[in-house]
Amino acid sequence: MDKGIENLVSARKLLKASVEKSKALELSLEKTGPRMDEINQRLPSLEVAIRPIRAQTDALSAVGGHINRAVVPAAAVLKVFDAIHGLEKSLSDPQLDLPGYLGVLKRLEEALRFLGENCGMAIQWLADIVEYLEDHKVADSRFISGLKTALKSLRELEAGEEKGRLDGGLLEVALDRLENEFRRLLTENSVPLPMSSPTLPGEQACIAPSPLPVAVIQKLQAILGRLIANGRLNNCISIYVEVRSSNVRASLQALNLDYLEISVSEFNNVASIEVYIAQWGKHLEFAVKHLFEAEYKLCNDVFERMGLDVWKSCFARIAAQAGILAFLQFGKTVTESKKDPIKLLKLLDIFASLSKLRLDFNRLFGGDACAEIQNLTRDLIKRVIEGACEIFWELLVQVELQRHAQPPADCSIPRVVTFITDYCNKLLGDDYKPILAQVLVIERSWKHEKFQERILVGELLNLVKAIELNLETWSKGYEDAASSYLFLMNNHWHLYKYLKGTKLGGLLGDSWLSEHEQYKEYYSAIFLRESWGKLPALLSREGLILFSGGRATARNLVKQRLKSFNEAFDDMYKKQSSWVIPDKDLRDKTCQVIIQTIVPVYRSYMQNYGPLVEQDPSASKYAKYTAQSLEKMFNSLFHPKPAKQGSFKVRQPSGKFNNGVVEQYQTSPTAVK
């Protein structure tokens with residue numbers, strides 16, 4: 001019994017010990033699991049570490065030399081790369097220390113140049129090492145795969161657009177700051193010139209010889225040197241053109257150049273923009289000789305080292321953007337306007353302005369860079385010459401076409417007469433004759449014909465002859481002979497008085513002038529005879545000798561004759577009240593002749609026979625006027641009436657009005673001369 005219990009106890013103890021051992025073993029196994037995982041993870045690296053031991057001996061001995069050859073250039077590249085980032089701290093503000101900034105920038109460029117030249121070589125040496133390790137199985141395949149991925153990234157970086165960013169973009173940032181300094185120097189020193197619009201040739205604002213100080217130009221040149229070395233010339237030119245053209249435009253704003261934008265549809269004829277055309281010539285001369293001249297010199301100073309093509313191209317862009325094209329376009333607009341004689345004078349003004357600036361244009365805007373400006377200028381000159389010559393050669397035809405028009409109802413001077421005489425004198429004057437001759441010479445040369453001055457003079461004299469023929473024709477258009485005589489008196493006097501002492505009068509000669517003076521006297525006498533000269537005969541004294549028993553008869557005769565006089569006077573006065581003698585001297589003289597012809601006769605008649613009717617109840621019907629009232633009424637005759645002023649209407653040979661020619665009236669201005 002006892003022995004059985006002991007066996008049970010022993011079995012129990014053994015079983016308990018076995019359970020405890022199982023638990024210990026279980027705990028030990030739990031702790032061994034993570035260690036096994038760690039060992040499993042370290043096995044690949046251990047395999048790589050012992051791979052060289054497993055590799056062939058000659059492969060292991062050669063790999064050292066390959067590694068050394070690759071590491072040396074790679075280390076040098078890394079050293080320079082570290083130096084580049086060290087330069088970043090040395091880059092100061094270019095505005096505060098431009099020379100220092102440019103010096104550091106140059107060192108940065110040199111360092112990057114070294115990187116650019118040596119990175120490729122270092123990458124190639126590293127690639128050779130990877131290839132060697134792979135071929136000789138000196139390294140693990142996963143290790144080699146990682147090296148290949150890294151090398152691929154390096155090659156893409158070195159060969160692609162990021163090659164210039166081996167410094168992390170430091171050079172680009174530094175160059176951007178330098179461009180900003182270039183712009184700042186230009187902007188702060190490009191001040192619009194203080195000026196006012198010149199109204200007379202001598203009234204031009206004073207301008208400094210150079211628009212930029214020498215020190216600023218030197219800084220700009222230094223900045224350009226570095227920027228151009230880094231391929232930023234176009235950026236510099238764009239900045240320069242933008243700033244300087246804006247400055248020129250600002251300078252021109254004071255001249256009030258809004259008229260340059262006017263279109264053909266915005267004005268009726270050249271005369272309506274005559275003041276703008278006069279300003280155009282002065283403004284163009286001012287802009288070319290001062291503003292564009294200064295920009296031309298400055299472009300040369302700043303971009304001189306870049307070569308002729310660069311700085312001339314830069315100037316051409318400035319000139320185009322600053323407004324020279326607008327000046328040329330305005331001239332073209334004038335040439336496209338309606339044709340009329342005034343336009344000829346304005347075209348000659350434009351030609352004179354361009355001719356005066358010819359040498360400046362050739363010098364400033366010569367070369368391929370200014371081809372657009374040259375083409376527009378040549379086109380403008382061609383249009384001006386063709387337009388001026390077309391109007392000039394058509395003048396005679398236009399005057400002849402006026403011959404079929406009605407004469408002025410007021411017997412005054414047709415506008416075409418005053419216009420053509422004044423116009424011819426202008427064309428013969430010192431201001432226009434040389435220019436017109438030059439224009440005609442050029443026009444004839446295009447046709448391979450020769451021009452002589454007598455052609456110009458002869459054409460103007462033909463205009464006067466045409467006017468004379470027109471006067472004869474017009475004088476026949478009046479139903480009343482007296483109005484025809486007054487008309488001829490007015491016009492012959494005008495031709496004499498207003499051509500005497502003029503260029504045109506000198507060409508026509510003294511005998512021609514005297515002839516017209518005599519014609520004036522002739523028609524003046526006929527006018528008086530055929531009109532007012534008939535009135536004194538109505539106051540006849542025949543049958544008025546008083547005798548006994550004849551007073552009543554005499555009274556009746558006086559009444560009849562005064563009635564006839566009054567009716568004739570009223571009719572003639574009413575008719576001639578609308579007639580005009582524009583010239584004051586001629587008008588006064590004509591009125592005095594009429595007064596001397598009639599008033600003394602009337603006064604004497606009334607003194608002698610007036611008492612016969614004064615006592616009559618109807619005396620006012622016969623003694624209607626006094627000598628003083630007649631004189632006053634005569635002095636009121638022939639005065640110009642306020643009227644609309646115009647010039648002659650120009651017709652085409654077809655008889656239709658030319659839409660391109662200003663309409664002009666047949667009547668003359670009514671201002672007292």
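Everything numeric in this text was worked out from a predicted model, so none of it was measured.

Along its length, the protein chain carries 23 helices and 0 strands. In the protein chain, buried positions account for 42% of the 673 residues. Here the analysis covers contacts within the protein chain between residues at least 6 apart in sequence; of these, 81% occur between residues at least 24 apart. Accessible area of the protein chain: about 36000 Å², with a carbon and sulfur share of 54%.

For the rest of this paragraph, the subject is the environment of Leu562. Examined against the element boundaries, Leu562 turns out to sit in helix α20 (residues 551–576). Residue Leu562 is classed as buried on the basis of its relative accessible area, which comes to 0%. When the C-alpha atoms of Leu562 and Lys624 are compared, they prove to be 8.6 Å apart, with 62 residues separating the residues in sequence. Ignoring any residue separated from it by four or fewer positions in sequence, one finds Leu562 in contact with Leu539, Tyr602, Tyr605, Met606, Val613 and Tyr622.

Mean pLDDT over the protein chain works out to 80, with 70% of the residues at or above the 70 mark. The low-confidence segment residues 197–209, where pLDDT is below 50, has 19 contacts with residues more than four positions distant or belonging to other chains.

One pass over the structure, following the stated rule, counts 32 salt bridges. For Lys382, the salt bridge identified is with Glu386, shortest N-O distance 2.7 Å. In this pair, Lys382 and Glu386 both sit in helix α13 (residues 371–401), 4 residues apart, roughly one turn of the helix. Salt-bridge contacts for Arg529 lead to Glu530; the nearest nitrogen and oxygen are separated by 3.2 Å. Given a relative accessible area of 29%, Glu530 falls into the partly exposed group. Connected via shared salt-bridge partners are Lys289, Glu293, Lys297, Asp360 and Arg363.

A word on the packing of aromatic side chains. A ring pair, where both rings are aromatic, is described by two values, the distance of the centres and the angle of the planes. What the rule picks out here adds up to 26 aromatic pairs. Taking 4.9 Å as the distance between ring centres and 90 degrees as the angle between the ring planes, the aromatic pair formed by Tyr240 and Phe303 counts as edge-to-face. Highlighted residues: Tyr240 in helix α7 (residues 233–252) and Phe303 in helix α8 (residues 274–303), separated in sequence by 63 residues. We classify Tyr240 as buried; its relative accessible area is 0%. Judged by its relative accessible area of 0%, Phe303 is buried.

Now for unusual backbone geometry. If a residue is not glycine, its phi is most likely negative; likewise, a peptide bond is most likely trans. Phi is positive for Asn256, close to 55 degrees, though the residue is something other than glycine. Along the chain, the position of Asn256 falls in the loop between α7 and α8. With a relative accessible area of 56%, Asn256 lands in the exposed category. The backbone phi angle of Phe638 is positive, close to 70 degrees, even though this residue is not glycine. Exposure remark for Phe638: the relative accessible area of 0% places this residue in the buried category.

So, about the environment of Leu495. The residue Leu495 is located in helix α17 (residues 481–497) in this model. A C-alpha to C-alpha distance of 9.4 Å links Leu495 and Glu468, two positions 27 residues apart in sequence.

If you look at the biggest cluster of nonpolar residues, it comprises 159 residues, and the most contacted ones within it are Tyr240, Phe292, Trp532, Phe634 and Phe638. Element by element, the count of residues in this core is highest for α8, at 13 residues. Setting aside its immediate chain neighbours within four residues, Phe638 contacts Leu486, Phe527, Trp532, Gln576, Trp579, Val580, Ile581, Arg587, Thr590, Cys591 and Ile594.

All right, on to α7 then. Under the 1.5 Å per step criterion, the end-to-end length of α7 is 28 Å for 20 residues, consistent within 8% with the ideal 28 Å. What α7 keeps buried is the set Cys236, Ile237, Ile239, Tyr240, Val241, Val243, Arg244, Ser245, Asn247, Val248, Ser251 and Leu252. Buried residues in α7 make contact with α5 (170–189), α6 (214–229), α8 and α9 (308–322).

What follows is about helix α23 (residues 627–635). Among the residues making up α23, those that are buried are Ala627, Leu630 and Phe634. Seen end-on, α23 carries its buried residues on one side only, within an arc spanning 60 degrees. Relative to its buried face, α23 has exposed residues pointing more than 90 degrees away, namely Gln628 and Lys632. Elements that come into contact with the buried residues of α23 comprise α20 and α21 (584–614).

Turning our attention to the packing of helix α11 (residues 341–356) against α13. Think of two packed helices as two axes; the pair is described by the angle between the axes and how far apart they sit. Here α11 crosses α13 at 145 degrees, and the two axes come no closer than 9 Å. In terms of crossing hand, the pair formed by α11 and α13 is left-handed. Touching Pro341, Lys343, Leu344, Leu347, Leu348, Ile350, Phe351 and Leu354 of α11 are Leu380, Ile381, Val384, Ile385, Gly387, Ala388, Ile391, Phe392 and Leu395, all from α13. The residue inventory of the contact of α11 with α13, partitioned by class, reads 15 nonpolar, 1 polar and 1 charged.

By the secondary structure assignment, Val334 is in helix α10 (residues 324–335). Overall, Val334 belongs to the buried group, its relative accessible area being 1%. Along the backbone, Val334 and Leu380 are 46 residues apart, and their C-alpha atoms lie at a distance of 9.9 Å. If sequence neighbours within four positions are ignored, Val334 has contacts with Val270, Ile273, Ile277, Lys343, Leu347 and Ile350.

Their axes nearest at 8 Å, the elements α17 and helix α19 (residues 510–530) cross at an angle of 155 degrees. The pairing of α17 with α19 is recorded here as roughly antiparallel in orientation. In this structure, the crossing between α17 and α19 has a hand that is left-handed. Contacts from Ala482, Tyr485, Leu486, Leu488, Met489, His492, Trp493, Leu495 and Tyr496 in α17 reach Trp512, Leu513, His516, Glu517, Tyr519, Lys520, Tyr523, Ser524, Ile526, Phe527 and Glu530 in α19. The residue makeup of the contact of α17 with α19, split by class, is 14 nonpolar, 3 polar and 3 charged.

Cut-off values and rules
Residues numbered from 1 in each chain as written. Predicted model: local features only at pLDDT ≥ 70, side-chain atom pairs only at ≥ 80, totals over all residues. Heavy atoms only, no water. Helix = DSSP H or I, 4+ residues; strand = E, 2+ residues; numbered from the N terminus. Buried < 20%, exposed > 50% of the residue type's maximum accessible area, 1.4 Å probe, protein only. Contact = heavy atoms within 4.5 Å. Areas by Shrake-Rupley, 256 points an atom, 1.4 Å probe, with all protein chains shown as cover. pLDDT = per-residue confidence, 0-100. Salt bridge = Lys/Arg side-chain N within 4 Å of Asp/Glu carboxyl O. Phe/Tyr/Trp six-rings, centres within 6.5 Å; stacked < 30°, edge-to-face > 60°. Core = buried A, V, L, I, M, F, W, Y, C linked by side-chain atoms within 4.5 Å. Expected span 1.5 Å × (residues − 1). Arc of directions from axis to C-beta. Axes fitted to C-alpha atoms, helices over the stretch in contact; angles between N-to-C directions. Left-handed = near helix turned anticlockwise from the far one by under 90°. Nonpolar A, V, L, I, M, F, W, Y, C, P; charged D, E, K, R; others polar. Parallel < 35°, antiparallel > 145°, perpendicular 65-115°, else oblique.

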